[in-house]
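Each chain, letter by letter, is given below.
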Amino acid sequence: MDVSTCLKSLLLAIRQYRNNKSALNASQLQKHIEEVCGLKCGGVLFSGQVLPSECLSGLMEVAGDPNTNHTLTGTIISLLAQFASDGEAKEALHSSYNFTGTLAAIIHCNRTTPEEPLVLQCLNVLQRLTYNVRTLHCVSHIHELISFLMQHVQSSNDDTVKACLGLMANLCRHDISVQSHIKSQSNVKAFYRALINFLGHNCLTVVVFALSILSSLTLNEEVGQKLFNAKNIHQTFQLIFNITVNGDGTLTRNYAVDLLVDLLKNPKIADYLTKYKHLSVCLSEVLGLLHSKDPDTASKVMELLVSLCSVPVLRKLVCETVLRPPAPRIQPGTRKGVQARGSEPSLALVHWVTSPLDGPEQCYMQALSLLTELFEEAIDSSLCSSAQSFVELLLQEVLVLLQSPDSTEGDQLLKKHCLRAGRVVDLLLVLCGDDALRMLVSQRLSPEVCVSQVELLLSYCQDLAGSTCTTSNYQLSQLCSEVVLKTLEVMSHLKQQMPDMETSFYRILQDQRMVTPLSLALTSNCREHVQVALRILFEAAPLPDFPSVILGDSIAANNAYRQRDGELSIRSSSACDDVSFAGKSFSMMHAEPSGSAYHSIDSLIKKLRNGVELQEKVKDVHMSEVIDVYEQKLSALACKESRLQDLLEAKALALSQADRLIAQYRCQRAQAEAEARKLASLLKDTERRKEDLQTELNDQLLEVERLKSDSQQLLEHNGRLQAVADQHQELKGTYNQLLSRYDKGEGMLKELQAAHISLTQQAEGLKKINEGLKLQQERTFAEMAEKEQQIKGLKLDVLEKDRNITGLQNELKRQEEQIHEMEENISILRKELNKTEQARKDSSIKASSLELQKSQLEAKVEKMEEDLSKHTQMIAMIHSLSSGKLKDVTANLSL
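Residues numbered from 1 in each chain as written. Predicted model: local features only at pLDDT ≥ 70, side-chain atom pairs only at ≥ 80, totals over all residues. Heavy atoms only, no water.

S.K.: What exactly am I supposed to notice about the overall build of the protein chain here?
M.R.: Each helix and strand counted, the protein chain has 37 helices and two strands in total. Sequence-distant contacts, at least 24 apart, represent 75% of the contacts inside the protein chain between residues at least 6 apart. Carbon and sulfur atoms form 53% of the exposed surface of the protein chain, whose accessible area is close to 49,400 Å². (Helix = DSSP H or I, 4+ residues; strand = E, 2+ residues; numbered from the N terminus. Contact = heavy atoms within 4.5 Å. Areas by Shrake-Rupley, 256 points an atom, 1.4 Å probe, with all protein chains shown as cover.)

S.K.: What am I meant to see in the side chain of Asp 685 here?
M.R.: By the element assignment, Asp 685 lies in helix α35 (residues 655–832). A polar contact is formed between the side chain of Asp 685 and the side chain of Arg 688, at a distance of 2.6 Å. (Polar contact = N/O pair within 3.5 Å; in protein donor to acceptor, adjacent residues only side chain to side chain.)

S.K.: Please clarify how the packing of aromatic side chains should be interpreted in this entry.
M.R.: Two aromatic rings, taken as a pair, are described by how far apart their centres are and by the angle between their planes. On inspection of all chains with the given rule, the structure shows six aromatic pairs. Each ring, one from Phe 241 and one from Tyr 276, has its centre 6.4 Å from the other, and the planes form 5°; the classification is stacked. Note that Phe 241 is positioned in helix α15 (residues 233–246) and Tyr 276 in the loop between α17 (267–274) and α18 (279–288), a separation of 35 residues in sequence. Of the residues examined, Phe 241 reaches a relative accessible area of 3% and is grouped as buried. Using a relative accessible area of 5% as the deciding quantity, one classes Tyr 276 as buried. Grouped by ring-pair contacts, the aromatic residues Tyr 131, Phe 209 and Tyr 255 constitute a single cluster. Above the face of the Tyr 364 ring, Arg 420 is positioned so that its terminal group lies 4.9 Å from the ring centre. (Phe/Tyr/Trp six-rings, centres within 6.5 Å; stacked < 30°, edge-to-face > 60°. Buried < 20%, exposed > 50% of the residue type's maximum accessible area, 1.4 Å probe, protein only. Lys NZ or Arg CZ within 6 Å of the ring centre and 35° of its normal.)

S.K.: What should I look at first to understand the packing of helix α8 (residues 117–129) against helix α10 (residues 158–172) in this one?
M.R.: Describing two packed helices takes the angle between their axes plus the distance from one axis to the other. Two numbers describe how α8 lies on α10: the axes approach to 9 Å, and their chain directions differ by 35°. Here the hand of the crossing between α8 and α10 comes out left-handed. Across the interface between the two elements, Leu 120, Leu 123, Asn 124, Leu 126 and Gln 127 of α8 pack against Asp 159, Thr 160, Lys 162, Ala 163, Cys 164, Gly 166, Leu 167 and Asn 170 of α10. Taken together, the residues of the contact of α8 with α10 break down into six nonpolar, five polar and two charged. (Axes fitted to C-alpha atoms, helices over the stretch in contact; angles between N-to-C directions. Left-handed = near helix turned anticlockwise from the far one by under 90°. Nonpolar A, V, L, I, M, F, W, Y, C, P; charged D, E, K, R; others polar.)

S.K.: Please explain helix α30 (residues 527–540) as it appears in this structure.
M.R.: Counting along an α-helix, one turn takes 3.6 residues, and residues three or four places apart therefore face a common direction. Its 14 residues place the ends of α30 20 Å apart at the C-alpha level, agreeing with the 20 Å of an ideal helix rising 1.5 Å per residue. Val 532, Ala 533, Ile 536 and Ala 540 are the residues of α30 that are buried. End-on, the buried residues of α30 take up no more than an arc of 100°, which puts them together on one face. Facing away from the buried side of α30, by more than 90 degrees, are the exposed residues Arg 527 and Phe 538. (Expected span 1.5 Å × (residues − 1). Arc of directions from axis to C-beta.)

S.K.: Before we go on, may I ask you to explain the state of the cysteines in this structure?
M.R.: When the sulfur atoms of two cysteines share a covalent bond, that bond is a disulfide. The final tally for this structure, using the stated rule, is zero disulfides. In this model Cys 309 remains outside any disulfide bridge; the closest cysteine sulfur is found in Cys 319, 8.0 Å from its own. Overall, the relative accessible area of 3% leaves Cys 309 in the buried class. (Disulfide = S-S within 2.5 Å.)

S.K.: Mind showing me how you'd approach the environment of Glu 373 here?
M.R.: Here Glu 373 lies in helix α22 (residues 361–380). Taking the C-alpha atoms as reference, Glu 373 lies 8.7 Å from Leu 427; in sequence the two are 54 residues apart. Setting aside its immediate chain neighbours within four residues, Glu 373 contacts Cys 309 and Arg 315.

S.K.: Help me understand the packing of helix α19 (residues 295–308) against α22, please; the structure alone is not making it clear to me.
M.R.: Contact pair α19 / α22: the axes reach a minimum separation of 9 Å and the direction vectors enclose 25°. Here α22 runs roughly parallel to α19, going by the angle between their axes. Of the two elements, α19 crosses α22, and the hand of that crossing is left-handed. Together, Pro 295, Ser 299, Met 302, Glu 303, Leu 305 and Val 306 of α19 and Gln 362, Cys 363, Gln 366, Ala 367, Ser 369 and Leu 370 of α22 make up the contact between the two elements. Here the contact of α19 with α22 is built from residues that sort into seven nonpolar, four polar and one charged. (Parallel < 35°, antiparallel > 145°, perpendicular 65-115°, else oblique.)

Put into C-alpha cells, the structure is as follows:
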C-alpha cells in the first residue's frame, strides 16, 4: 500500500472516530496509525500538502481529547515522536501543529496520576521536542506544565525525575518569560533547595540537569553567585569536561556542553575558565573526541570549541592546540622521523567538513565555523606560517564542496548546498586576509568553479521568483543571494592574482540577474549583507552595461512593498483583537501550512456566506462578526492585488522584480485562505463542543443536587479539619521558633568552633614563646650570678681605694699646713728684707727655693685630684651596678 492510500485511510478512520468514539473505531484508527508508522513517511507528512496536514491536525485533536483512551493516545504520540529529532519536522510539530501544547494538555489532564506510563511518555517526548527550541509562553497549559514539573522533581521514580529535570532545563534555557514565571511561584525556594540537593546525586545526568536549571534561573542572583563562585566553579568545570570526554550517554554530554556554553556567556565565569589549571589537558582530551565516528558527539564538541573561541584567551589556546605542527615520532624499524598525523584534530576537522551533503548538517556547518574562527586567530598571531601545509590540504578538500549538486535532487539538497557553500566562502574570505594564504587560494581556486557556482544560484533565484512564493522559497532565495554576493567578494579579492578571475568577475556584474541579489541585500536588515552589497556595487557601478536603472526600480519596489505590508499589518492588528477569543478557546487546534490550497478570494467568500464548508448554520452571533472581519481582511488583500497590478504596469522595465512581487502576493493570498479554512474548522468544532457542554451541564445539575447533601457532611468535616488546622498552625509556629533557635545555635556553634581553632593556635604559639623565655631566664640567672661575683670584687677594690684616699687626704692636709707656715715665714722675711741687702739676697735665694718646692707640691696636688676623679667615676659605676648600695661611699668621697 502506497503512502497516499494509507493517509487517506487514516484520515477516514480519524473522521469516523470523531463522529463515533466506539471501541471498534478506536481499534481501526490504531491499526491505521501502526501502518503509517511502518512506512517511514516523514517527508510526506511534513511536506505541507493538504492531505498530510489534515491527518496531522486530526491526530492532534484525537490525542488532545481527554476522552481518548490512553492506548490510542500513546500510539499517536509514538508516531509523532519518531520525527521529534528531525529538524524541519520538529519545527513543524512545534510551531505549525502545536504538538507541545497537546502534550502539555495530556499531562495536565493526567496530573493526578503522574505514575502513568502515558505521562512519562509525554515528558520524554516533550524533552526531545523542546531541546534547543524556544517554547512560546502563550502555548496552552504551559503554566500548568511548569507547576507540574516543579511539584514532581522530587518524585520517587528516577525516570520521572530525569524527565522533569530535563524538560525544565529546556524550558528555562534562554526563555526569560518562563524564568520569571518560575521565580514568581510561592514554592520557588523549596524548588531551589531540591535542585541544590540534586547536585550530590549519584547520577551525572541529574546533576547536569540541576546545574543547567540553576544557571538559567540564578546565575545573576545571590544564589547563583554562591553556587558558581571561584571556589566551586572549578569543580563544575571538571564535572563538565569529565562528562564531555568520558560520557554518560549522548544526552548527558549534550546538556553538559550546553551548560558550559551558557556559562561562558558570563564574563566572570569565562575569566575563571581561563585560570583553570587543567584547561590544557581537558582541551586536548576534548579534541580527541573529534575522531569519534558518532556525528552527534563530534558536532557537540565542535559547538563547544566554537563557544570557547568567543573568549579571546581561550580562542588563542584552541588555535594553538589545533593548528600547531605535529611533533615527529620515531617508529620502530625506521631511521627518519615520521609525523603521527592520525591523531591530529585538524585532520578530523577536514574529515567532518567533507562529509556527504545528505549527512548530518550540523557536523560540516560547525566544522566550517570552527575553522573560520581558528584562521581568524591564526592570521592575527604567529601561527599563520606554520599552518600553511594544513591550508594546502584543507583547500584541496574544501574547494570540491563548491561544485554544483545534481539539480534533480530537489530543493532540500540545494538548500543544504547553499548553507555549506556560504560557510566555505566565509572561510575563503578569512584566508584572503593574509597575503601568503591568499596566494595559496589563488593557486587552488579556478575561475570556472566560481562562475559555475554563481550561474547555478542566479538561475535558481530566477526560477524561485517566477514560481509560487512560499516562506521556504523566499528564505531559499535570500540564501542563494547571500552566497552569490559572498562568492563575488572572493572573486574581487583574487582578481589581482588571476586575470581570468577578473574577466569573469566583471562579466557577472553586468548580468541583469544580479539585480535581485543586490536589491535584497541593500534592503536587508542585516548590516553585513548591506556592507557586502555596497562593496560589490562600488565595483559594478562604473561598468557600462551595469543595470543601475533596473536596480533602482527593484530597490524602490522592495521598499514600497515593505511599507504597504507594514500598513496592512497595522490595519489587521485591530481586526485580530476582535477574534482573539477564538484562539483562546481552541488552543488545541493547529494551523495548516501555508500554500496547502489555492482558491480564489471570491469563491472563498461565497463559501463562507453559504456555509458549504461549515456544513451547518452558525448559531452564535459572534461567529458572523468573525466572518465579517475575515471578509474585510480578504477584501484588503484584493485591494492589495489591484495595487500590485498597477505597480507592475507602471514598472515595465522591472519585469523580473514584478514577477517576484506577484508571487509574494499569491503566497499571502494562500495563507489567508488557509486561515479562513482554519476559521471554518474552529466554527464547526465550537458547535460540536457546545452540544457536548450542554449535555455535561445537564449532568452537572443532577450532580449539584447530590452534592448539596454531601456539602452538609463536608461542612461538619470541615469544622473538625479547622480545629486540626489551628492545632497545626500552633505546632508550625512552635516548629518555626525551634528552627530559628536551631539556626542561631548552629551559627553560634560555627563561630565558637572558629574561635576555638584560633585560640588553640594562639596557645601553641604561647607555649613556644614560654619555652624560649624559660631558656632566656636561665641564661639571665647565670649572667646575674657572674655579675654578683664581679660586684663583690669591686666592693673590695672600693674599700681599698677608700683607705688610700683617706691617707692621701691626711698627707694633703699636712702639706697645706706646711705651705701655710712657709707663707708666714715668707712674710716675716719680706718684712726684714729692707733691713739689709745681704739679708735680702739670702732671703730671695731661700724664696726661690721655696717657690720651686711649691710648684712641685701643686703638681702633686693636681695629680692627686686626677686620681680622685678617676676613683669617683669608678665608684659611680660600682654604684650603678650595686643599685644604690654605695651611697655612703659616694658621700664620703664628696666630703
